[in-house]
Amino acid sequence: MSSEIYKDIILDYYRNPRNFGDLQDPDVRAKDSNPLCGDIIEMQLKIRDGKVDDIRFKGKGCAISQASASMLTEVVKGKTLDEIKAMGKADVLELLGIDPGPTRIKCALLGLKVLKLAVYGHLGQAITEEVKQLV
Amino acid sequence: MLVEKVTTINVPKIREDFPVLKRQVNGKQLIYFDNAATSQKPNAVIETIDRYYREYNANIHRGIHKLAEEATLAHEEAREKVARFINARHTEEIVFTRNATEAINLVAYTWGRANVGKDDKIVLTIMEHHSNIVPWQLLAQEKGARVEFVKIDEQGILRQDEIHELIDEKTKIVCLTQASNVLGTINPIKEIGRVAHRFGAMFLVDAAQSVPHMRVDVKDSDCDFMAFSGHKMMGPTGIGVLFGKSEHLQNMPPFLAGGEMVKEVHTTGASWKDLPYKYEAGTPNIAGAIGLGAAVDYLRKIGMENVHDHEKDITSYALNRMANVKGLVTYGPSDIEHRVGVVSFNLGDIHAHDLASILDEEGIAIRSGHHCAQPLMEFLEVPATSRASFYIYNTKEEVDVFINALEKARKIFAR
C-alpha cells in the first residue's frame, strides 16, 4: 500500500518531527500561515557569525507542510544567511523527494517562507517579492 | 398492505447527460463528490449557452433588431422559469445577480443600510457560510448594530431555545441557511421565519445548498428574501438569484447604479426602472441567465422530489459505510430526513488536505478545509474537515470506491 506523495520519509517526519519545539532565547522568530489549509509554521533561530547555530520549528497542519518544515530545519543548520536567502522551491522538492503538484506546493513551501522571513527579519531587510510569492 | 415508493429516475441515463463524468483523473474514473462547491453541467445547459453565442448573441432590452429581441425573450424566459421553480408570485421578484454572495450583499447594502440602526440586532446562525456572515458584520460595524449567532446542538441542529432567546423586538433581520454546506442540516425555515415575523423582523434565506437539491417554495416558507447560485444547480458560474418580496424590493434603494437600471437620467438626477431591473445595472450575464433557465428545465424534468430522494438514499448509504471506517468521525444530523447530501468528516489524525490528496490520486474529488464556515469550525473545535457532497448523478458504486480510498488513506497514515 503506497501513495505517490506520502512516502515513508514524509510520514516519518510528520509523525516524529525533528527540531520541533522552542529555543531558549532565540535571536529571531517568524511565523506564517497558509490561508488555503490553515497550516501554521513558526521558526526560531539562533544565529552566530552569520550562520544558523540552532533552529526549532512549531506548527500545525498537513503532513506535507510539517514534514518539509522539519526537513528544512535539519539541512539549514550551519548554513550562512546568504545561503538560505538563495534557497528556493527546487531545494524543498529535493528534500521531499516528490513534487506534490500545483495545489499542494504551497504546503511544501510554507516552511521555507517562514525561514526566509526569519532571516530577512534578522538582517533588518525588506521581504522580497520572491519570498512573498512562495506561499 | 404494501407501500412501495417508485423511483422513476434512471441514474446511468442521467450520467450520460454530463460529459465530464466520463473523464479519467490520474488514470482512474472520475468520481465527483464536490457538488456543494459546484455541480457539473449537463449537455442541455452547455448546448443552450453555446447556441446563444452562435445564433442570437445580442445585448438585451433596448435593441430594436431581431437578435436583441430573441436574446431579451430568452433572458426573460429564464427569469420566469426561475420564478416558477421557487414558486415566486411574480417574475419581478427575481433579481439576477452574480451569485448568492452578491444577492446577500445586495440586501445588506440596500435594505440593511436603510433599515438597520444603532443597537439593532441581526440574528444569524453558527452554521452560516461566510457569505451570510461578513456582509452583516460590515453592516453592523457601520451602524453600531449587533450580530448574534444561534448555536447548534451535538447533532448539528439549531437550538430551539436559542432561536427563541435571540430573536426579539430589537431584531431587524434573521438570516439563515436552509441547508448547511458543512453539516448538511436542513433547517426549519418556515418555523424560524414565523418567529422573525412575530417580532417584525425580516427573514432572509441562503438557499445556495437547498434550491439545487430539494423543492423550495418561497410562498410556503414566507421568506422576505432568498439567495442562491446558478452554478451549484447545474447552471453556469456568474449567475445567481435574489428573490425578494415585491413590496420590499419596491421600497429599497438601488444597489449598483448605471445603465439598464434607470428610467430617465438628467443632469439633476435619475429615476429607477421598475422591478426587477432597478437592481440589474449594466449589461447582465445574458448567457448565464439563459443557461440557468436550461438548468431549471433539466431539474424540473427529473423532479426535485426525485433529486432529493436519490440524495437521501446515497447519503444514508455513505453514512452507514463510513460508520464502519475505523477512526472516522462525521458531523451533522444522524436523521437522514434532516439533511441534504453533504457529509463532512475527519479520519483519525489525518489532515483534511492530506486526505483530499490521497483521494485525488484515486480520481475522487472531495473538498477539504474550512468550507468558508470558520465560525462553525471553531464551534466544532476542528481546524478543517473533509467533505463529500452528492448530486443526482452519483451512485452507490462510487461510494464504495470512496470507502476503499478512505481505507487506503488510513493504512498509509497508520504506517
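Participant: It is not clear to me how the overall build of chain B should be interpreted in this structure. Could you clarify?
Facilitator: A count of helical and extended segments in chain B gives 14 helices and 17 strands. For chain B, the C-alpha radius of gyration of 22 Å lies close to 22 Å, the compact-globule estimate for 415 residues. Residues classed as buried in chain B amount to 49% of the 415 residues present. The long-range fraction of contacts in chain B, counting pairs at least 24 apart against all pairs at least 6 apart in sequence, stands at 71%.

Participant: Got a minute to help me understand the overall build of chain A in this structure?
Facilitator: The number of helices and strands found in chain A is six helices and three strands. Reading the secondary structure of chain A in the N-to-C direction produces α-β-β-β-α-α-α-α-α. By the compact-globule yardstick of 14 Å for 135 residues, chain A fits well, its C-alpha radius of gyration being 14 Å. Dimensions along the principal axes, computed over C-alpha positions, put chain A at roughly 45 × 30 × 25 Å.

Participant: Teacher, can you tell me more about helix α2 (residues 43-55) of chain B here?
Facilitator: For an α-helix the count is 3.6 residues per turn, leaving residues at separations of three or four pointing the same way. In this model α2(B) runs 17 Å from its N-terminal to its C-terminal C-alpha over 13 residues, within 8% of the 18 Å that 1.5 Å per residue would give. Buried-residue contacts for α2(B) involve α3 (66-85) and α10 (286-302) of chain B.

Participant: Explain the interface of chain B and chain A here, please?
Facilitator: It is common to give the size of an interface as the accessible area lost on bringing the parts into contact. Taken residue by residue, the interface counts 15 residues in chain B and 16 residues in chain A. Sorting the residues of the side of chain B that touches chain A by element identifies α12 (352-361) and α14 (396-414) of chain B as the ones contributing at least two each. For the side of chain B that touches chain A, the element with the highest residue contribution is α12(B), accounting for five residues. Broken down by class, the residue content of the side of chain B that touches chain A amounts to five nonpolar, five polar and five charged.

Participant: Quick question: what am I supposed to make of the pairing of strand β6 (residues 146-150) of chain B here?
Facilitator: Moving residue by residue along a regular strand, the side chains alternate between the two faces of the sheet. Residues and elements named next belong to chain B. Here strand β5 (residues 121-125) pairs with β6 via five bridges, running parallel. Residue pairing for β6: Thr125 is matched across the bridge by Val150. Handedness of the β5-helix α5 (residues 134-143)-β6 crossover: right-handed.

Participant: Whenever I open this one, the domain arrangement of chain B confuses me. Can you help?
Facilitator: Residues and elements named next belong to chain B. Segmentation of chain B into domains returns domain 1 (11-32 + 303-414) and domain 2 (46-300). Taking the mean C-alpha position of each, domain 1 and domain 2 sit 28 Å from one another. Contact with domain 1, which involves 24 residues of that partner, is made by 24 residues of domain 2. For the side of domain 1 that touches domain 2, the elements supplying multiple residues, two or more each, are α11 (304-322), β14 (342-347), α13 (374-380) and β17 (385-389). Among the elements that take part in the side of domain 1 that touches domain 2, α11 stands out by supplying five residues, more than any other.

Participant: Looking at this structure, I do not really get the sheet that holds strand β2 (residues 39-48) of chain A. What am I missing?
Facilitator: The strands making up a sheet associate through hydrogen bonds between their backbones, and the pairing can be parallel or antiparallel. All names here are of chain A. Pairing within the open sheet is antiparallel, and its three strands lie in the order β1-β2-β3. Of all strands in the sheet, those with a lone pairing partner are β1 (28-34) and β3 (51-60), marking the two edges. Here the average twist between neighbouring strands, direction ignored, is 20 degrees. Its contacts with the sheet put helix α5 (residues 105-123) on β1, β2 and β3, and the angle it makes with β1 is roughly 150 degrees.

Participant: Quick question: what am I supposed to make of the confidence of the model for chain B here?
Facilitator: Detailed reading of the predicted coordinates is not advisable wherever pLDDT falls low. Confidence in the prediction of chain B, expressed as mean pLDDT, is 96, and 98% of residues score 70 or more. Interface confidence for the predicted complex, given as ipTM, is 0.84, next to a pTM of 0.92.

Participant: Please explain the environment of A:Gln133 as it appears in this structure.
Facilitator: As for its placement among the helices and strands, A:Gln133 is situated in the segment after α6 (129-132). Here the alpha-carbon distance between A:Gln133 and A:Gly101, two residues 32 residues apart in the chain, equals 16 Å.

Participant: Got a minute to help me understand the packing of helix α2 (residues 63-76) of chain A against helix α4 (residues 89-96) of chain A in this structure?
Facilitator: Think of two packed helices as two axes; the pair is described by the angle between the axes and how far apart they sit. Residue and element names in this part refer to chain A. Following both chains from N to C, one finds α2 and α4 inclined at 105 degrees, their axes separated by 10 Å at the closest point. Viewed along their axes, α2 and α4 adopt a mutual orientation that is roughly perpendicular. For the pair α2 and α4, the contacting residues are Ser68, Met71, Leu72 and Val75 in the first and Val92, Leu95 and Leu96 in the second. For the contact of α2 with α4, the class distribution of residues is six nonpolar, one polar and no charged.

Participant: Sorry, what's going on with the sheet that holds strand β16 (residues 367-369) of chain B here?
Facilitator: Residues and elements named next belong to chain B. Ordered in space as β13-β14-β17-β16, the four strands form an open sheet in which the pairing is antiparallel. The sheet is open, and its two edges are formed by β13 (328-331) and β16, each paired on a single side. Across the sheet, the mean angle separating the axes of adjacent strands is 30 degrees when strand polarity is ignored. Here β14 pairs with β17 via four bridges, running antiparallel. Across the sheet, residue Val343 finds its bridge partner in β17, namely Ala388. Here α11 sits on the sheet and contacts β13, β14 and β17; the angle it forms with β14, its principal contact strand, is near 15 degrees.

Participant: I would appreciate a short explanation of the environment of B:Lys13 in the present structure.
Facilitator: Residue and element names in this part refer to chain B. Along the chain, the position of Lys13 falls in helix α1 (residues 11-16). A residue is classified by how many C-beta atoms lie within 10 Å of it, and Lys13, with 8 of them, is exposed. It is 52 Å that separates the C-alpha atoms of Lys13 and Glu142, two residues lying 129 residues apart in sequence.

Participant: What am I meant to see in α5(A) here?
Facilitator: All names here are of chain A. Between its first and last C-alpha, α5 extends 27 Å over 19 residues, near the 27 Å set by a 1.5 Å rise per residue. Where α5 bends most, at Gly111, the angle is about 30 degrees. Taken from the residues just after α5, Gly124 is the one with a positive phi, measuring 65 degrees.

Participant: Looking at this model, I keep getting lost on the pairing of strand β8 (residues 202-206) of chain B. Mind explaining?
Facilitator: Residue and element names in this part refer to chain B. Counted residue by residue, β8 has five buried out of five residues, so it is predominantly covered. For strand β7 (residues 171-177) and β8, the ladder comprises five bridges, and the chain directions are parallel. Pairing of Cys175 across the sheet is with Leu204, part of β8. One crossover worth recording links β7 to the parallel β8 by way of helix α7 (residues 189-198), and it is right-handed. When β8 meets strand β9 (residues 225-229), the two strands line up parallel, connected through three bridges. Its bridge partner lying in β9, Asp206 is registered against Ala227.

Participant: How do you make sense of the nonpolar core when you look at a structure like this?
Facilitator: The nonpolar side chains of a soluble globular protein tend to be buried with one another. Residues and elements named next belong to chain B. Counting residues in hydrophobic clusters, the biggest one holds 159 residues, and the most contacted among them are Val174, Met226 and Ala227. Residue assignment places this core across two domains, with domain 1 (11-32 + 303-414) and domain 2 (46-300) each supplying three or more. Dropping the residues within four chain positions of it, Ala227 is found in contact with Ala100, Ala103, Ile104, Asp206, Ala207, Ala208, Gly240 and Leu242.

How each quantity is defined
Residues numbered from 1 in each chain as written. Chains lettered and ligands numbered in written order. Predicted model: local features only at pLDDT ≥ 70, side-chain atom pairs only at ≥ 80, totals over all residues. Helix = DSSP H or I, 4+ residues; strand = E, 2+ residues; numbered from the N terminus. Rg over C-alpha atoms; globule rule 2.2 N^0.38 Å. Buried ≥ 20, exposed ≤ 12 C-beta atoms within 10 Å, placed from the backbone. Contact = placed C-beta atoms within 7 Å. Expected span 1.5 Å × (residues − 1). Nonpolar A, V, L, I, M, F, W, Y, C, P; charged D, E, K, R; others polar. Pairing = 2+ DSSP bridges. Right-handed = clockwise from strand over helix to strand, strands pointing away. Domains from an automatic or database assignment. Axes fitted to C-alpha atoms, helices over the stretch in contact; angles between N-to-C directions. pLDDT = per-residue confidence, 0-100. Parallel < 35°, antiparallel > 145°, perpendicular 65-115°, else oblique. Bend = angle between axes of the 7 residues up to and from the residue. Core = buried A, V, L, I, M, F, W, Y, C linked by C-beta atoms within 7 Å.

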